[in-house]
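One-letter residues, chain by chain:
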Amino acid sequence: TSLPEVPGGSANWDYRFSWPRDASLGISAFLGVGLGDEARAFLSWLTIASRLTRPRLHVLYDLEGRPSSRERERRDVPGYRGSLPVRLGNAAADQHQLDVYGWVVGAVWELHARGERLPPDVWRAVAAWADFVSGSWREPDSGIWEERGEPHHYVHSKLMAWIALDRALRLSEGYRVGRSRRDRWSKEREALGAEIRSRGVDADRGVYVRHDETSELDAALLTLPDVGIEGETSPRVVRTIEAVAAELGAGDGLLYRYPRSREDGEGAFLACSFWLARALSRIGQVDRAGELFESLCSRASELGLFGEELDPGTGRHLGNFPQALTHSALVSAALAIQEATRGRAGSRG
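Read on for an overview of the structure. Values in this document were obtained by computation on a predicted structure and should not be read as measured data.

Re the environment of Glu 266
Reasoning step 1: Tracing the backbone shows Glu 266 in the loop between helix H9 (259-263) and strand S9 (268-269).
Reasoning step 2: A polar atom in the side chain of Glu 266 sits 2.5 Å from the side chain of Arg 257.

Brief notes about helix H3 (residues 99-113)
Reasoning step 1: In this model H3 runs 21 Å from its N-terminal to its C-terminal C-alpha over 15 residues, within 8% of the 21 Å that 1.5 Å per residue would give.
Reasoning step 2: Across the 15 residues that make up H3, a large majority, 11, are buried.
Reasoning step 3: Those residues of H3 not exposed but buried are Asp 99, Val 100, Tyr 101, Gly 102, Trp 103, Val 104, Val 105, Gly 106, Ala 107, Val 108 and Leu 111.
Reasoning step 4: In this fold, the buried residues of H3 make contact with helix H1 (20-32), helix H2 (36-49), helix H4 (120-136), helix H5 (155-172) and helix H10 (270-282).
Reasoning step 5: Where H3 terminates, the next one or two residues include Gly 115, which has phi positive at roughly 95 degrees.

Here's the deal with the side chain of Glu 146
Reasoning step 1: Among the secondary structure elements, Glu 146 is positioned in the loop between H4 and H5.
Reasoning step 2: Of the residues examined, Glu 146 reaches a relative accessible area of 18% and is grouped as buried.

Remarks on the packing of H10 against helix H11 (residues 286-297)
The geometry of a pair of packed helices is captured by two quantities: the angle between their axes and the separation between those axes.
Reasoning step 1: Closest axis-to-axis distance for the H10/H11 pair is 7 Å, and the angle between their directions is 160 degrees. Considering the angle they form, H10 stands roughly antiparallel to H11. Regarding H10 and H11, the two cross each other, and that crossing is left-handed. Counting all contacts with H10, which are made through Ser 273, Phe 274, Leu 276, Ala 277, Leu 280 and Ser 281, the residues of H11 involved are Val 286, Arg 288, Ala 289, Leu 292, Phe 293 and Leu 296.

Some details on helix H8 (residues 235-247)
Reasoning step 1: With 13 residues, H8 should cover 18 Å at 1.5 Å per step; its first-to-last C-alpha distance of 18 Å lies within 8% of that length.
Reasoning step 2: Where H8 is concerned, the buried positions are Val 237, Thr 240, Ile 241, Ala 243 and Val 244. Projected down its long axis, H8 shows its buried positions confined to an angular sector of 165 degrees, all on one face. Structural note: H8 exposes Pro 235 and Ala 246 on the side pointing more than 90 degrees away from its buried face.

Thoughts on the side chain of Glu 230
Reasoning step 1: Tracing the backbone through its elements, the reader meets Glu 230 in the loop between helix H7 (224-227) and H8.
Reasoning step 2: In this structure the side chain of Glu 230 is engaged in a polar contact, spanning 2.4 Å, whose partner is the side chain of Tyr 208.
Reasoning step 3: A polar side-chain atom of Glu 230 sits 2.6 Å from a polar atom in the side chain of Ser 234.
Reasoning step 4: Filtering out sequence-adjacent residues up to four positions away, Glu 230 remains in contact with Tyr 208, Arg 236 and Val 237.

Cut-offs applied
Residues numbered from 1 in each chain as written. Predicted model: local features only at pLDDT ≥ 70, side-chain atom pairs only at ≥ 80, totals over all residues. Heavy atoms only, no water. Helix = DSSP H or I, 4+ residues; strand = E, 2+ residues; numbered from the N terminus. Polar contact = N/O pair within 3.5 Å; in protein donor to acceptor, adjacent residues only side chain to side chain. Expected span 1.5 Å × (residues − 1). Buried < 20%, exposed > 50% of the residue type's maximum accessible area, 1.4 Å probe, protein only. Contact = heavy atoms within 4.5 Å. Axes fitted to C-alpha atoms, helices over the stretch in contact; angles between N-to-C directions. Parallel < 35°, antiparallel > 145°, perpendicular 65-115°, else oblique. Left-handed = near helix turned anticlockwise from the far one by under 90°. Arc of directions from axis to C-beta.

Structure, rendered in structure tokens:
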């Protein structure tokens, strides 16, 4: 437990859980490299684990499929490198994080798109999650980075909610669902898209922002080319990617999650850098993506592993180590660069 983001600091979190968001990226990575059995097995586990809380998806579950217990602090034991307090459990379990639904339904869509027929219980779960998103996307949430302050209308969360509705609608063409239910998903998807484009954009710069009360950026917006709310090479998508790379950069392709994380002494978040490599390949900057990818891979440990974050000055891995989210993002970036390289070779041929 309690692996620190800042050695000697208080940002120590208990990671002994399965985060459906992170695990859904793992499903995508498994599918991308042909490990369908692993992808199906986890999706089956998640469907069972979430049954008691449906239609809500909890932020995290323990390894027996139960929602996390409350967070407790222990000050009578030494934290790693003197980092206190030691925490058991994770208070993020009680947060509303809207983006989770998009990650999970998106992973289900990928499984279907690869020719898999969804079991009835998985489709019922997807439909329930789409219903929940339809009725809850107008509420603020705590966002992908699990901030413990006041909830906001995070743009990335809204984008992922849009994915949940969009992919559920695509899936509904091959699975049984009532017309009124499908019409509601479609209506809410259109309303959500309009909300994102009107309140989630800095009109002066023409870029997507972190939330509707700020002009700050968010590295999670690097997932924009995969969303589909606008074309992956649209000017606004490209400007957002370039702005994130420039304004949240920690040097040598490393990125902070958002501006304040730099002030908090937090390291660069490695998944974000691999998302940047993927995004660059998706907008046609394949050589730049490949160079960034190779640079990032050179920062692995002696065992080829990555942590959650990296200290830009020392190269020390911070936070959860090794972290599945980082490695899933690495695989995703590699696959995107491979696909873009083949596409470019094919067009030249």
